[in-house]
Amino acid sequence: MSSLVKCPHCGLRPREEFTIRGEVATPRPDAGADEALWFDHVYLRDNPRGEHREYWHHSGGCRRWLVLTRNTLTHETSDVVDASTLKLGERA
Amino acid sequence: MTSFRIDGGTLIDRNDVRRFTFNGEVLTGFGGDTVASSLLANGKQLVGRSFKYHRPRGILTAGAAEPNALLTIGRDGRRDPNTRATMAELFDGLEARSQNCWPNVNFDIGAANGLLGPLLGAGFYYKTFMWPAAFWEKVYEPLIRKAAGLGRASYDPDPGYYEKCWAHCDLLVIGAGPAGLAAALTAGRAGVRVIIADEGVQLGGGLIAEGSPVGGKPADAVLADIIGELHALSNVEIKKRTTVFAAYDDQVFGAVERVQKHLPEGEINPHRAMERLWRIVARQVVLATGAEERPIVFGGNDRPGVMMAGAMRTYLNAYGVAPGKRVALFANNSQAYQTALDLEVRGIEVAAIIDPRTCPNIDYDGKARLIAGAMVRDTAGRKAIKSITVRHDDGRDEVIAVDALGVSGGYSPIVHLACHRGGKPVWSDAHVGFMPPENTDGMTPCGAVAGKAGIADCFADGGVAAVKALAELGVMGEAASLPGVEQTAETVDHIQPVWHVASTKGKAFVDFQNDVAASDITLAMREGYDHVELAKRYTTNGMATDQGKTSNVNAIGILAENKGVSPGEIGTTTFRPFYTPVSFGALVGASKGMDFQPVRKSPLHGWAGRNGAKFVETGLWYRSSWFPKDGETFWRDSVDREVNTVRTKVGICDVSTLGKIEIFGADAAEFLNRVYCNAFLKLPVGKARYGIMLREDGFVYDDGTTSCLGGNHYFMTTTTALAAGVLTHLEFCAQVLWPELDVRLASATDQWAQMAIAGPRSREVLSKIIDDDISNEAFPFLAAREVSMFGGRLKGRLFRISFSGELAYEIAVPAGYGESVADAVMAAGEEFGITPYGTETLGVMRIEKGHVTHAEINGTVTPADLGMGRMVSAKKDDFIGRVMNLREGLVDPDRPALVGIKPKSPSDKFATGSHILNPGEDVSLANDQGYVTSMCHSPTLGHAIGLALVKNGPKRHGEEVVIWNGLAGTTVTGILCNPAFVDPENEKLHA
Ligand SMILES: [Zn+2]
């Protein structure tokens, strides 16, 4: 796992400043959505061998939620973006 | 006692005589000595007993790989067990003791294990201590524990200070032998930021022990020139006594620097670290860790006096210590011949060089007798070697009397750091060793770790490696060169692998520290554990504190030989941090004692202390739990008085630890509406509202009040325990789920001192310090707004909320004003009989009132379970937890729900955690009706009361139940009731 994380706001920072929430789940369904979508969103998580997208919170820094893409096999981190971009795109 | 100290020794200072004790005996050495070199100088070849068979053991190496010479050094809190004598610097007054022997190293009872040798082979523990199962706890485990283990840790606290640091550089050079020095010089001259780290006391590595001139100059003079230049380069940082022990992701390296471990007690600066744990971030790395000389596996190869040939050379040239008076060498390579030459130069007799190669083809012109095509098959001597038995190529045996034997079975590149990130080393037939992985991204191996040999080749290779690393950094560099040294064509020594001397007679050890013999490895193979990872665990080869530095490759070789394959096909076990053991002190750093974790003190901590508070740790906080008065000897005396005073008069309680979050933004109301399950959209300015926050899975997460202080400004309070968790959750909601909402969050927990003033006289007390009208009409229940205090000198935030059920307020003032405001409240309340009260009283009053905390909000309850089902909005389209809260299992009417409980007989008591059963039913999970979540003695009612989560509880008020305490083995008859024991009509609140 990464020892250093490149926060898009703070730059390269030690892993200890971050808190990991887990896999980026499916988007939060609409209130009226099918229950199956809700179960998937709330409970179902993958544990892939390879590329993995996770929520990392820069809890000891800027306190922004980030989406970090890392390879569980090679430990390579390929991308770190502010998590608001998931919904807002580049506007964030 | 014969002295083995002779002339020379580049590292020692003969004017600096140091006294030390070894097993109580006073000995002397010199400044610059290690404990190992000074023991050898004093003729102490026997330094310890082996782990399993308690065989006599001596010093094998002169460095970090030492498997035998593990001593306990120091005393009391500064006692370090399992210290390698070869790495410990000698200081005046040092105390060293042998380990694993009783009553002493010379006469050891456990040596009887040696006679049981045939029984104690690989897998012995697995096979013997299997049955009967009942024997495990009482017989086998204590027996194994007594026999196992090396040194013992001290029970005294270490008085030393330890610290952790970060360092950053362009190029990290690991190892300061010829290759590392050349790399550091090359990069240093190019101007980049360089850190060069070496585990040794002095830079130099192989140069330190080099007896021959380099480029026509003495080796130590060449070394001094290089070190002088490095010191002069301000961009080069030299870290001596620093072991780089791990390579982590993203080019972060772990290192431990031994700052003051080599100093006598009186010279230790208490304000400086004993050891420093470094994390070094390097853009590029040059790996110049060298190679480990391998022992050869033959009978009696563990007898004291058997030593690595290269270690002999180091003791001779660097410490001026003769390994013996009549020495033999057993080597399958040509480098060991240099040891023979150096011994002879110092006048030490070299009795023979035994070389398994039939045609060694080396240019050795010394006096020693060369026995080619031969092997050492056995040694003799009780506590030290007396002779060796050589098996000639014609099958004839010859006994040669010696008092020391130098061994060299080839060289294993120290590839650990190149493999910590998952790389697998690659076998090389030419080098007879495992080389660094081919792809070591950002790391360039050079020198002996890359298969080079000799000062000149290693130095040249270091320069080349640095130029390559510099190019990666976009910097041009020119490889440093050694003056006067002509670069010769690189020659690879022909090494003949010898994994195990076939004609061996006695026990032939592979792993000295764990007492694993060649026969154990072949036994493991016969029993099917022939995979390298299985063989390791079955035999424990390589599992000792030295992690098999001298044994792993030989074990792999023996496996390969027996299977008829290349060692490359067997492969290595996995390399993991740490390269060498790191002390707990260094890993703990400053986090010990009161610095183990941060201490959070409320802004009212000093006030509470002055009023006699007893504090309790809750998480990081120290909260005032009760305030004993004179004559009160038992906590309940104080708590009962505090409760009665608040219920009849008035009290003040520090509630500053509650989480406080400022919420701003045009969409703040909409945001709150979505994170709470109850409605918040229409909360008017100047009003507080109790809110319940659900998790997305529909269960209750936290509760608290949120007040609207202005159009786009809200102030939220959370429970103390979840202050950080709720903020993180809200940030997730604001940033990830609904980034389109205009909302900003800021923690304000530490910025405000907040106190509850509760009791029927609370309004009268506050009226004396608050300028605004706070009558029931002007400031009704749930009013919340900024007020002027002390004649306009201070502004505070006043909330009319109540956890106790009394007429109550909470007043928040900027933290720095907290103590003086609390003092002012106490002074204003004096005429009404005010009392400070703590968390115990807070707890009693909330139970009396039927208010819940995290004892009830335990992660498995819904708002309906807590009797607040009607708060969950049916009108709102969406909020966190809305959909999942409607799941079938979460709306089941039979779910355990909040109910009050009291003993049928008022004198009976019961305990939190007790289970509820219907009268007459057996104690079983199937019959379980629920459990008591909270209980206390109610001073208001005069008997025990509790809250419980009971199946269908709210419909069972008045029902008789059994309160079963399985731990105490008691049962009490209880009655279920309304959880609001006091003022169920809420008249006091609204007074
Ligand atoms: Zn950040």
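The shown structure was predicted, so the numbers you read here are calculated from the model rather than taken from an experiment.

Draft legend 1. Representation of a nonpolar patch on the surface in the model. Together, A:Phe39, A:Tyr43 and A:Leu44 make up an exposed nonpolar region whose accessible area comes to about 290 Å². Under the relative-accessibility criterion, A:Phe39 is labelled partly exposed at 30%.

Draft legend 2. Examining the packing of aromatic side chains more closely. Enumeration according to the criterion identifies 20 aromatic pairs over all chains in this entry. Taking 6.1 Å as the distance between ring centres and 55° as the angle between the ring planes, the aromatic pair formed by B:Trp427 and B:Trp499 counts as tilted. Within this pair, whereas B:Trp427 is found in strand S24 (residues 426-428), its partner B:Trp499 is found in the loop between helix H10 (455-472) and strand S27 (509-511), the two being separated by 72 residues in sequence. Each member of the pair B:Trp427 and B:Trp499 is classed as buried. Relative to B:Phe627, the ring of B:Trp607 lies with its centre 6.0 Å away and its plane at 55°, an arrangement referred to as tilted. In this pair, B:Trp607 is assigned in helix H16 (residues 605-610) and B:Phe627 in the loop between strand S31 (621-626) and helix H17 (635-648), connecting sequence segments 20 residues apart. Residue B:Trp607 is classed as buried on the basis of its relative accessible area of 1%. Overall, B:Phe627 belongs to the buried group, its relative accessible area being 2%. Ring pairs connect the aromatic residues A:Tyr55, A:Trp65 and B:Phe732, which therefore count as one cluster.

Draft legend 3. How the structure looks around the side chain of B:Thr719. Residues and elements named next belong to chain B. Looking at the secondary structure, you find Thr 719 in the loop between strand S36 (713-718) and helix H19 (723-737). With a relative accessible area of 14%, Thr 719 lands in the buried category. Dropping the residues within four chain positions of it, Thr 719 is found in contact with Leu 658, Gly 659, Asp 702, Asp 703 and His 854.

Draft legend 4. Examining the nonpolar core more closely. By size, the foremost hydrophobic cluster in this structure holds 89 residues, and its most contacted members are B:Val35, B:Leu39, B:Leu181, B:Ile226, B:Leu230 and B:Tyr315. With sequence-adjacent residues up to four places away left out, B:Leu230 is seen in contact with B:Leu181, B:Ala184, B:Leu185, B:Leu203, B:Val236 and B:Ile238.

Draft legend 5. Focus on the sheet that holds strand S19 (residues 375-380) of chain B. All names here are of chain B. Taken together, the three strands give an open sheet; going across it, the order is S19-S20-S21, and neighbouring strands pair in antiparallel fashion. Of all the strands in the sheet, just S19 and strand S21 (397-401) have a single pairing partner and so form its edges. Pairwise comparison of adjacent strand axes, ignoring direction, gives a mean angle of 25° for this sheet. Of the pairings in the sheet, the one linking strand S20 (residues 387-391) to S21 comprises five bridges and is antiparallel in character. Of the residues in S21, the one forming a bridge with Ser 387 is Ala 401.

Parameters and conventions
- Residues numbered from 1 in each chain as written.
- Chains lettered and ligands numbered in written order.
- Predicted model: local features only at pLDDT ≥ 70, side-chain atom pairs only at ≥ 80, totals over all residues.
- Heavy atoms only, no water.
- Patch = residues over 30% accessible without salt bridge, like charges linked within 9 Å, V, L, I, M, F, W, Y side chains within 5 Å.
- Areas by Shrake-Rupley, 256 points an atom, 1.4 Å probe, with all protein chains shown as cover.
- Salt bridge = Lys/Arg side-chain N within 4 Å of Asp/Glu carboxyl O.
- Buried < 20%, exposed > 50% of the residue type's maximum accessible area, 1.4 Å probe, protein only.
- Phe/Tyr/Trp six-rings, centres within 6.5 Å; stacked < 30°, edge-to-face > 60°.
- Helix = DSSP H or I, 4+ residues; strand = E, 2+ residues; numbered from the N terminus.
- Contact = heavy atoms within 4.5 Å.
- Core = buried A, V, L, I, M, F, W, Y, C linked by side-chain atoms within 4.5 Å.
- Pairing = 2+ DSSP bridges.
- Axes fitted to C-alpha atoms, helices over the stretch in contact; angles between N-to-C directions.

By themselves, these are just geometric observations and shouldn't be taken as functional.
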